[in-house]
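Commentary on secondary and tertiary structure
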Amino acid sequence: MTILIALLKAFLVGGLICAIGQIFIDYTKLTPARILTGYVVAGVILGGGGLYPKIVEFAGAGATVPLLGFGNTLAKGVREAIQEEGLLGVLTGGLGATAAGIAAAVFFSLIIALIFKPKSKS
Amino acid sequence: MNMTPEEYNELTKQSSPRSPFIKDFLMAFAIGGLICALGQAIMMAYQSAGMTEEVSGSVTSVTLVFLSILLTGFNVYPKIAKFGGAGTLVPITGFANAVASPALEFKSEGLVLGLAAKMFVIAGPVIVYGTCASIVYGLIIYLFGLY
């Protein structure tokens, strides 16, 4: 039962965050690249301000999987790195905390792009 | 068929689909929600296998990134994105797709300035502004002792 509730919370909160993005697509001229960038920067602000960690606590992957969570991880990484390394942590924290996702995206993309043939857009 | 303009308007109103906005919104909600629920399931599986919460979160991201890029290779993710809209864009799978998709598409322009350079057409701005925002945040909390 707790598993089902956790899945439902992730579905509802994650779905809502995505649906808000859809409003930006339908009602503004923002391109996908700008929406993704905006979500990450908003995640840094919401994460740094302390609101987003509470949403993560409630919704789990529903909050960490959307790109707001990526921004939240950047802010969290910086905060923790400053605690350990002082001023240097300002520079190392963000990319350090998100390195797994970025490195995975780059590495898997290279492999897949080398193996597969591009599909013609129809 | 004889009908007044009013009747005709009524008929077209009935047969035309619901406003695309409502449909877009619900599709984004459903697809985005499902991707997040999948992430939650993967994360809980890793945790029950003994990973800490912190590690399981990162490994879940890596797993979703891998799945998304694989589905991009098979041209499946773009098909889901056609009706998922922001539901496929906003999750980390959308970020991964934005890295893999131009890499694949511009492979023909070379391995360096095609495949590798175009990987960052969308991911680049995300990383640039995300990192810089986190540095600004870090400077603020460092200077004011808020960490």
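Fair warning: this is a prediction, and the values are worked out from it, not measured in the lab.

**Points about the overall build of chain A**
- Scanning chain A for helices and strands turns up six helices and zero strands.
- Going from the N terminus to the C terminus, chain A shows its helices and strands as α-α-α-α-α-α.
- Counting every position in chain A, which comprises 122 residues, the buried fraction comes to 50%.
- Counted over contacts in chain A with a minimum sequence separation of 6, partners at least 24 positions apart contribute 56%.

**Brief notes about the interface of chain A and chain B**
- With 64 residues of chain A in contact, the opposing surface of chain B contributes 65 residues.
- Only helix 1 (2-27), helix 2 (32-49), helix 4 (61-64), helix 5 (67-85) and helix 6 (89-115) of chain A provide two or more residues apiece to the side of chain A that touches chain B.
- A total of 18 residues in the side of chain A that touches chain B trace back to one element, the largest contributor, which is helix 6 of chain A.
- In terms of residue class, the side of chain A that touches chain B is made up of 45 nonpolar, 16 polar and three charged.

**Things to note about helix 4 (residues 77-84) of chain B**
Residues and elements named next belong to chain B.
- For helix 4, the full list of buried residues reads Y77, A81 and G84. An end-on view of helix 4 places all buried positions within 75 degrees of arc, on one side of the element. Exposed positions of helix 4 whose direction lies more than 90 degrees from the buried face are K79 and K82.
- Residues of helix 4 that are buried in the fold lie against helix 2 (20-48), helix 3 (53-73), helix 5 (86-89) and helix 6 (92-105).
- Remark: G85 follows helix 4 within two positions and exhibits a positive phi of approximately 50 degrees.

**Side note on the packing of helix 6 of chain A against helix 8 (residues 120-143) of chain B**
- It is at 8 Å that the axes of helix 6 of chain A and helix 8 of chain B come closest, and there the two elements cross at 150 degrees. When the axis of helix 6 of chain A is compared with that of helix 8 of chain B, the two are roughly antiparallel. The hand of the helix 6 of chain A/helix 8 of chain B crossing is right-handed. In this structure, helix 6 of chain A contributes A:G89, A:V90, A:L91, A:G93, A:G94, A:L95, A:I102 and A:A105 to the contact, and helix 8 of chain B contributes B:A123, B:I127, B:T131, B:S134, B:I135, B:G138, B:L139 and B:Y142.
- Across the contact of helix 6 of chain A with helix 8 of chain B, the residue classes tally to ten nonpolar, six polar and no charged.

**As for the nonpolar core**
- In this structure, A:L36, A:L67, A:A105, B:F95, B:V99 and B:A123 are the most contacted members of the largest nonpolar core, which totals 69 residues.
- It is helix 2 of chain B that provides the largest number of residues to this core, a total of eleven residues.
- When sequence neighbours within four positions are dropped, the list of residues in contact with A:L36 reads A:L67, B:L89, B:F95, B:A98, B:I122 and B:V126.

**Structural notes on the confidence of the model for chain B**
Residues and elements named next belong to chain B.
- Residues at a pLDDT of 70 or more form 93% of chain B, whose mean pLDDT is 93.
- Between the elements of chain B, mean pLDDT differs from a low of 68, seen in helix 1 (residues 5-15), to a high of 98, seen in helix 6.
- If you check the scores for this complex, the pTM reads 0.91 and the ipTM reads 0.95.

**Things to note about the environment of A:F116**
- Tracing the sequence through the fold places A:F116 in the segment after helix 6.
- Residue A:F116 is classed as partly exposed on the basis of its C-beta count, with 16 C-beta atoms lying within 10 Å.
- Those residues within four positions of A:F116 in sequence are excluded, and the remaining contacts are B:G73 and B:L104.

**Here's the deal with unusual backbone geometry**
- You will see that B:N75, though not glycine, has its phi angle at about 65 degrees, which is positive.
- Topologically, B:N75 is positioned in the loop between helix 3 and helix 4.

**Some points on the environment of A:V13**
All names here are of chain A.
- Its place among the elements puts V13 in helix 1.
- For the pair V13 and K76, spaced 63 residues apart in sequence, the C-alpha separation works out to 20 Å.
- Aside from chain neighbours lying at most four places away, what touches V13 is I55, A59, G62 and A63.

**Digging into the UniProt feature "transmembrane region" (unreviewed entry) in chain B**
All names here are of chain B.
- When the UniProt feature table is mapped onto this chain numbering, "transmembrane region" (unreviewed entry) sits at residues 21-43, 55-76, 83-100 and 120-144.
- As annotated, residues 83-100 comprises 83% helix and 0% strand, and the C-alpha atoms at either end are separated by 20 Å.
- In residues 120-144, helix accounts for 96% and strand for 0%; the two terminal C-alpha atoms are 34 Å from one another.

Calculation criteria
- Residues numbered from 1 in each chain as written.
- Chains lettered and ligands numbered in written order.
- Predicted model: local features only at pLDDT ≥ 70, side-chain atom pairs only at ≥ 80, totals over all residues.
- Helix = DSSP H or I, 4+ residues; strand = E, 2+ residues; numbered from the N terminus.
- Buried ≥ 20, exposed ≤ 12 C-beta atoms within 10 Å, placed from the backbone.
- Contact = placed C-beta atoms within 7 Å.
- Nonpolar A, V, L, I, M, F, W, Y, C, P; charged D, E, K, R; others polar.
- Arc of directions from axis to C-beta.
- Axes fitted to C-alpha atoms, helices over the stretch in contact; angles between N-to-C directions.
- Parallel < 35°, antiparallel > 145°, perpendicular 65-115°, else oblique.
- Left-handed = near helix turned anticlockwise from the far one by under 90°.
- Core = buried A, V, L, I, M, F, W, Y, C linked by C-beta atoms within 7 Å.
- pLDDT = per-residue confidence, 0-100.
- UniProt positions renumbered as here; feature names shortened; annotations may be inferred.

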